[in-house]
Every structure is written in structure tokens, then in C-alpha cells.
Amino acid sequence: MNIFCCEMHVNHALDVVVFETKEFPILEQVKEEEKLSTKCEYCEKEAKYLVSRK
């Protein structure tokens, strides 16, 4: 499970990963080369973070 999100939705993304996987999520900043093309999954703003369960 990977969720790309903006600063406004990062808390929601963390909650979703915990709820669905029952595991501690990993929070990473989106790499510079991915920033321009990656949008938040909850709105259309630029994604700043990747929340995952690696």
C-alpha cells in the first residue's frame, strides 16, 4: 500500500495505512524528480509525502 499525499492530507493517509494494515506506516518525502508529476490522492495538489507499509 502506497499513498501519495500533500501536507494537508498526511495525517489522514497515516491513519488509513494503520487502519487497513494494522502496521506502523513509513513516511517519506517524495523525491525531487517525482514531485512535478505526482499528485495527492485526496486532492489535486502536489504530493509532498509517500506513506507506505514496507
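Computed from a prediction, not measured in an experiment: that's the story for all the values here. (Residues numbered from 1 in each chain as written. Predicted model: local features only at pLDDT ≥ 70, side-chain atom pairs only at ≥ 80, totals over all residues. Heavy atoms only, no water.)

Some details on the packing of aromatic side chains
All chains considered together, the criterion is met by zero aromatic pairs. Between the NZ or CZ atom of K22 and the centre of the ring of F19, over which it lies, the distance is 4.8 Å. (Phe/Tyr/Trp six-rings, centres within 6.5 Å; stacked < 30°, edge-to-face > 60°. Lys NZ or Arg CZ within 6 Å of the ring centre and 35° of its normal.)

Observations regarding the sheet that holds strand 3 (residues 49-52)
One open sheet holds the three strands; their spatial order is 1-3-2, and the pairing between them is antiparallel. The strands lining the two open edges of the sheet, one partner per strand, are strand 1 (2-5) and strand 2 (26-29). Taken pair by pair, the neighbouring strands of this sheet meet at an average axis angle of 20°, ignoring direction. (Pairing = 2+ DSSP bridges. Helix = DSSP H or I, 4+ residues; strand = E, 2+ residues; numbered from the N terminus. Axes fitted to C-alpha atoms, helices over the stretch in contact; angles between N-to-C directions.)

Remarks on the state of the cysteines
One pass over the structure, following the stated rule, counts zero disulfides. C6 takes part in no disulfide bond, and the closest cysteine sulfur to it belongs to C43, at a distance of 3.8 Å. On the basis of relative accessibility, which here comes to 4%, the residue C6 falls in the buried class. (Disulfide = S-S within 2.5 Å. Buried < 20%, exposed > 50% of the residue type's maximum accessible area, 1.4 Å probe, protein only.)

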